[in-house]
Amino acid sequence: MDFSLFLQNFLNGLSIGSVYAIFALGYTLVFSILGIINFAHGAIFTLGAYFTYALAGGKFGFNGILANAQLPFQLPFVMALLLSSVLSGLVTVLLERLAFKPLRARNADPLLTLVSSLGAALVIVNLIQYLVGAEIYTFPANIYGNLPEAINFGTATKPINIRTVQIIVFGVSVIIVTCLTYLINYTKVGKALQAIAEDTTTASLLGINSERLIMITFFISGFLAGISGTLVSSSVSIAGPYFGISFGLKGLAVIVLGGLGNIPGAIGGGLLIGLAEAFVPSDYSGYKDAISFGLLFIMLLVRPQGLFGKKLIQKV
Amino acid sequence: MTKHQITPILQLNNITKKFGGLLAVDAVSFTVVQNEIFGLIGPNGAGKTTIFNMLSGLITPDLGQINYLGQDLTKLQSYQIAQRGIARTFQNLRLLGNLSALENVLVPCNVHHKTDFLADFLGLPKAQLAQKKTYSKAKELLDLVGLSDNIKQQANNFSYGDQRRLEIARALALEPKLLLLDEPAAGMNTSEKASLSDLIRQIRDQFNLTIILIEHHIPLVMSLCERIAVLDFGKLISLGEPEQVKNDPLVIEAYLGNE
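Parameters at a glance
- Residues numbered from 1 in each chain as written.
- Chains lettered and ligands numbered in written order.
- Predicted model: local features only at pLDDT ≥ 70, side-chain atom pairs only at ≥ 80, totals over all residues.
- Heavy atoms only, no water.
- Pairing = 2+ DSSP bridges.
- Helix = DSSP H or I, 4+ residues; strand = E, 2+ residues; numbered from the N terminus.
- Axes fitted to C-alpha atoms, helices over the stretch in contact; angles between N-to-C directions.
- Contact = heavy atoms within 4.5 Å.
- Core = buried A, V, L, I, M, F, W, Y, C linked by side-chain atoms within 4.5 Å.
- Buried < 20%, exposed > 50% of the residue type's maximum accessible area, 1.4 Å probe, protein only.
- 1 Å grid on protein atoms, 1.4 Å probe; cavity = no way out; pocket = protein on both sides within 12 Å on 5 of 7 lines; lining within 4 Å.
- Points joined across faces, edges and corners; volume = space filled by probe spheres on them.
- Nonpolar A, V, L, I, M, F, W, Y, C, P; charged D, E, K, R; others polar.
- Domains from an automatic or database assignment.
- Buried area = accessible area lost by both parts, 1.4 Å probe.
- Salt bridge = Lys/Arg side-chain N within 4 Å of Asp/Glu carboxyl O.
- Polar contact = N/O pair within 3.5 Å; in protein donor to acceptor, adjacent residues only side chain to side chain.
- Phe/Tyr/Trp six-rings, centres within 6.5 Å; stacked < 30°, edge-to-face > 60°.
- Lys NZ or Arg CZ within 6 Å of the ring centre and 35° of its normal.
- Expected span 1.5 Å × (residues − 1).

Q: Run through the sheet that holds strand β8 (residues 210-214) of chain B, naming residues and quoting values.
A: Residues and elements named next belong to chain B. With respect to topology, six strands assemble into an open sheet ordered β6-β7-β8-β3-β9-β10, the strand pairing being mixed. Because the sheet does not close on itself, it has two edges, and the strands there are β6 (86-88) and β10 (235-240). Shown here is a sheet whose adjacent strand axes are inclined to one another by a mean of 20°, direction ignored. Sheet topology note: the β6/strand β7 (residues 178-182) ladder contains three bridges and is parallel. Across the sheet, the residue bridging to I86 is L178, located in β7. Sheet strands in contact with helix α1 (residues 48-55) are β3 (37-41), β6, β7, β8 and β9 (227-232), and its direction is about 145° off that of β8. Docked against the sheet, helix α10 (residues 249-256) engages β3, β9 and β10, running at close to 130° with respect to β10.

Here's what the structure looks like:
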């Protein structure tokens, strides 16, 4: 493989890997606070993509009860992206109220919330299908304004073409990861979240309103899912209501690979899987998922606590 | 108690808690007055920690009211009780073990610094100033309990006695009016116990606290507490000054058994 091709694959890998990372951070935040996996995370990812499509003035097809529906206004893409992510965050808060909180209030086994969140995921996905059908929707080509389709980072003779979308995706992801890392490590809310992650009861005895912070966590998690859903679908397309579910599984692979509940782990795991997939030759692109789950398999054999996870030491 | 004004800070009225068929706390009533060091003693399983759990809002009594400065605590959530100035330590330490000693103290400090989220996130000058103040306050409290070294180390790595003192510093960071200490001397040696006694008196005077103390080490309780309540099988069997309680036949029977 010559160097320019290598570089091109590398940059593409970073771009998709960074979306994996912000998506997986949504899982990680909820997991580190409550010790549970929100299986509806992938469904919110899908929802975010549809929200943005609608807000950016996209028109829905002929299936579903909203056939040919279109919002009376059309927002610029950046506005649509932000608003859609906020909406995704709010839906996730609602989901927390309906699918998580009642179980938590009854001290139910954390395993049961897996089932309730999986149920919520199916409800969301089917609702989307019911409303707007199962077609593939593609964002208009000009959503990013008049930017060129691709930018050449090489020379005219040795081109390294990176799609503009990929660069934007990477940029947005870097901003998000930076903000979130700062939020967790250097703000009061972050300190309170760390305290809850350690021990919810003790945190409440230190004057922390844990229910409120759990809500904030779910909001951020949903916001991240919405943003990553939009970013992925703007670089490819919305491949039907179910496309978030398989992405959701990929996200699970990322957090297990990086170490459950570990923020650097989610970032590292995301980048690693993104890069690994980018180097799959295009003739074998059908095997991309096999590569990421193969990586996961090897990791579980070699280092079950994940890339950045701490070794669990059994205290006697 | 002559130097203290006699105003009640906490009144338990007919507090009852059942766990299944077990009456853990049975119609207990007592009043704690401002600035006193109040001892809560009794054999294992007498219901002492259950009372602390009800005072801090972790469990709700089945019957009765807890009046704290004019409010009924039984209707409040534990974080609200903490914000109103009741702090506690635990019999089996509950530190945030993976956070540093300093961070353990910072978390409750933050409750009293109401900077808004955006100012905090953007690191605006007023938020930075508030943060500086919290830091120096946290460090002062750690100094006070004798932990000035290694405060950036994980709390888990501290020795047992140091962890107990760290819990006290953390409780003080809430700026409490009422401090509940659950077996603060457990696992300490004689000299550590003596300095703990001094520390408890010192913080009571310095921060104008009222302290309720659960403790098994009777000499410590007798020398430190101004009044003592004795529980046995969930019932309050004796209440009064140390001398009075020590000679109460019911107390002697509870501790030594009836022969």
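Q: Which residues make up the nonpolar core, and what values go with them?
A: With 78 residues, the main nonpolar core has I208(A), L224(A) and I238(A) as its most contacted residues. Ignoring sequence-local partners within four residues, the contact set of I208(A) consists of A192(A), A195(A), I196(A), A203(A), L213(A), Y79(B) and V107(B).

Q: With reference to specific residues and values, describe empty space enclosed by the protein.
A: With the rule as written, the count across this model stands at one cavity of 30 Å³ or more. Its boundaries defined by the atoms lining it, the largest cavity holds a volume of some 60 Å³. Around the largest cavity, the lining residues are T202(A), L205(A), L206(A), A87(B), R88(B), F90(B), E167(B), R170(B), A171(B) and L174(B). The element best represented in the lining of the largest cavity is helix α6 (residues 160-173) of chain B, accounting for three residues. Taken together, the residues that form the lining of the largest cavity break down as six nonpolar, one polar and three charged.

Q: Could you give me a rundown of the domain arrangement of chain B, with the residues and numbers involved?
A: Residues and elements named next belong to chain B. Here the domain parsing of chain B yields domain 1 (1-85 + 176-259) and domain 2 (94-173). Summarising the inter-unit geometry, the C-alpha centres of domain 1 and domain 2 are found 27 Å apart. Summing the contributions of domain 1 and of domain 2, the shared interface buries around 1,100 Å²; its carbon and sulfur component is 75%. Viewed at the interface, domain 2 and domain 1 are joined by zero salt bridges. Only β7 and α7 (190-207) provide two or more residues apiece to the side of domain 1 that touches domain 2. Per-element tally for the side of domain 1 that touches domain 2: the top contributor is α7, with seven residues. Grouping the constituent residues of the side of domain 1 that touches domain 2 by class yields 11 nonpolar, four polar and three charged.

Q: Report on the side chain of D26(B), specifying residues and quantitative values.
A: Structurally, the position occupied by D26(B) is in strand β2 (residues 22-33). A distance of 3.1 Å separates a polar atom in the side chain of D26(B) from a polar atom in the side chain of K235(B).

Q: Provide a residue-level description of the interface of chain A and chain B, including the pertinent values.
A: Taken residue by residue, the interface counts 21 residues in chain A and 30 residues in chain B. When the two sides are added together, the surface that chain A and chain B hide from each other amounts to roughly 2,300 Å², 61% of it contributed by carbon and sulfur. Ranking the residues of chain A by area buried against chain B places K188(A), L205(A) and L206(A) at the top, with a combined share of 31%. Inspection of the chain A/chain B interface yields two salt bridges. Residue D199(A) is joined to R94(B) by a salt bridge in which the shortest nitrogen-to-oxygen separation is 3.0 Å. Inspection of the region where chain A meets chain B yields 11 residue pairs in polar contact (both at pLDDT 80 or more). Among the secondary structure elements, those contributing two or more residues to the side of chain A that touches chain B are α5 (164-186), α6 (188-198) and α7 (200-205) of chain A. With six residues, α6(A) is the single largest residue contributor to the side of chain A that touches chain B. Within the side of chain A that touches chain B, the residues separate by chemical class into nine nonpolar, seven polar and five charged.

Q: Before we move on, could you go through the packing of aromatic side chains and cite the residues and values that matter?
A: The tally for this structure, following the rule as stated, stands at 22 aromatic pairs over all chains. Consider the rings of F6(A) and F10(A), whose centres lie 6.2 Å apart with planes at 15°: the pair is stacked. Within this pair, F6(A) and its partner F10(A) are both found in helix α1 (residues 3-34), separated by four residues, close to a single helical turn. Given the relative accessible area of 36%, F6(A) is considered partly exposed. Under the relative-accessibility criterion, F10(A) is labelled partly exposed at 29%. The structure contains a cluster of three or more aromatic residues connected by ring pairs, namely Y20(A), F23(A), Y27(A), F45(A), F243(A) and F247(A). Sitting over the face of the ring of F90(B), R94(B) holds its NZ or CZ atom 5.4 Å from the ring centroid.

Q: Pulling in residues and values, what's your account of helix α9 (residues 243-258) of chain A?
A: Residue and element names in this part refer to chain A. In this model α9 runs 23 Å from its N-terminal to its C-terminal C-alpha over 16 residues, within 8% of the 22 Å that 1.5 Å per residue would give. Buried residues of α9: F243, G244, F247, G248, K250, G251, L252, A253, V254, I255, L257 and G258, and no others. The inward-facing, buried residues of α9 abut α1, α2 (41-55), α8 (210-235), α10 (263-278) and α11 (288-302).

Q: Can you lay out the sheet that holds strand β1 (residues 8-19) of chain B for me, pointing to particular residues and giving the numbers?
A: All names here are of chain B. Pairing is antiparallel across the open sheet formed by four strands, whose spatial order is β2-β1-β4-β5. What marks the edges here is a single partner per strand, and that holds for β2 and β5 (71-72). The pairing of β1 with β2 spans eight bridges and is antiparallel. Among the inter-strand pairings, I15 is bridged to a residue of β2, identified as V28. Sheet strands in contact with α1 are β1, β2 and β4 (63-68), and its direction is about 115° off that of β1.

Q: I'd like a rundown of the layout of surface pockets, residues and numbers included.
A: Taken as a whole, the second largest pocket holds about 950 Å³ of empty space. Along the walls of the second largest pocket sit 34 residues, with L183(A), V189(A), L213(A), I216(A) and F117(B) positioned nearest its centre. Among the elements of the structure, α3 (77-105), α5, α6 and α8 of chain A together with α3 (101-110) and α4 (117-122) of chain B are those that each provide at least two residues to the lining of the second largest pocket. It is α8(A) that provides the largest number of residues to the lining of the second largest pocket, a total of eight residues. Residue classes in the lining of the second largest pocket are distributed as 22 nonpolar, six polar and six charged.

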